[in-house]
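Spelled out from the first residue to the last, the chains are:
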Amino acid sequence: MINQAPDQAPNTPANLVPRPQTAEQTRVTMLLERIDDGDELASEDLLPLVYDELRELARRLMNGSASSHTLQPTALVHEAYAKLVGNGWDSWKGHAHFCAVASSAMRQILLDHARSKRAVKRGGGVKHEGLTGVESPPGLPAIDLLVLDDALTRLAEADERGTRVFELRYFGGMGQEQIATLLGCSTATVDRDWRRCKAWITSELTAGDG
């Protein structure tokens, strides 16, 4: 069981006020609002604005994959984008929310792909390409995506918010302020959750290697 420290830092306006959005982020938010309103053309205008950001998310998630991997970052971006704009989300909550959901969508696509490849390997089919790896932040080793997903599933049973913080920072590359704004908590809480969950994940994976 994960011991979750109480949130002793008050959620004062000072630590919950996000930085002003850039002009591009503001435009992204406006286009997401148009998509919410059913404007089909807005999704075409949105992709050029978020493409580079989505591709960087894809690169982070796919770093460590075999060079011969059949699923490339560009394909991952387009597959994830199709899911995002065609999935009928009730409401987008701005640029940060879009990026968070995008990283989750990409991660799920890669998990499905890795599971499929593992099943082929076990079935003696085509040559296995190697499971998808993920780029690790300082203090964490390179990790197989399926192994990490198993660990995160166990972690979420004891620490749901902390797991979300870990996912947003590890997979989405989001900063403390962005995560705090998205989750409605203080940056101090985000920092504690990140440190606690990173230590737990590292311990679990190290034990697994042993």
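Provided above is the structure to which this section pertains.
A brief look at the structure comes next.

Procedures and definitions
Residues numbered from 1 in each chain as written. Predicted model: local features only at pLDDT ≥ 70, side-chain atom pairs only at ≥ 80, totals over all residues. Heavy atoms only, no water. Core = buried A, V, L, I, M, F, W, Y, C linked by side-chain atoms within 4.5 Å. Buried < 20%, exposed > 50% of the residue type's maximum accessible area, 1.4 Å probe, protein only. Helix = DSSP H or I, 4+ residues; strand = E, 2+ residues; numbered from the N terminus. Contact = heavy atoms within 4.5 Å. Axes fitted to C-alpha atoms, helices over the stretch in contact; angles between N-to-C directions. Nonpolar A, V, L, I, M, F, W, Y, C, P; charged D, E, K, R; others polar. Salt bridge = Lys/Arg side-chain N within 4 Å of Asp/Glu carboxyl O. Polar contact = N/O pair within 3.5 Å; in protein donor to acceptor, adjacent residues only side chain to side chain.

Focus: the nonpolar core
Here's step 1: Formed by 51 residues in total, the largest nonpolar core has its most connected members in Leu46, Leu54, Phe98 and Met106.
Here's step 2: At the level of secondary structure, the elements contributing two or more residues to this core comprise helix H2 (23–36), helix H3 (40–62), helix H4 (73–85), helix H5 (95–122), helix H6 (145–158), helix H7 (160–170), helix H8 (176–183) and helix H9 (187–209).
Here's step 3: Residues within four places of Leu54 in sequence aside, it is in contact with Val77, Tyr81, Phe98, Ala102 and Met106.

Description of the packing of H6 against H7
Here's step 1: Where H6 meets H7, the closest approach of the two axes is 6 Å, and the angle between their N-to-C directions is 145 degrees. Of the residues in H7, those in contact with Leu148, Leu152, Leu155, Ala156 and Ala158 of H6 are Glu160, Thr163, Phe166, Glu167 and Tyr170.
Here's step 2: Tallied by class, residues from the contact of H6 with H7 come to seven nonpolar, one polar and two charged.

Digging into the pattern of salt bridges
Here's step 1: With the rule as written, the count across this model stands at 13 salt bridges.
Here's step 2: The salt bridge involving Glu56 is made with Arg59; its shortest N-O contact spans 2.9 Å. Taken together, the residues span about one helical turn, with Glu56 and Arg59 both in helix H3 at a distance of three residues.
Here's step 3: Taking the shortest distance from any N to any O, the salt bridge between Arg196 and Asp193 comes out at 2.6 Å.

Quick look at H7
Here's step 1: Looking at H7, one finds that the buried residues are Gly162, Thr163, Val165, Phe166, Glu167, Leu168 and Tyr170.
Here's step 2: Taking the backbone nitrogen of Gly162 as reference, a side-chain oxygen 2.9 Å away marks Asp159 as the first, capping residue of H7.

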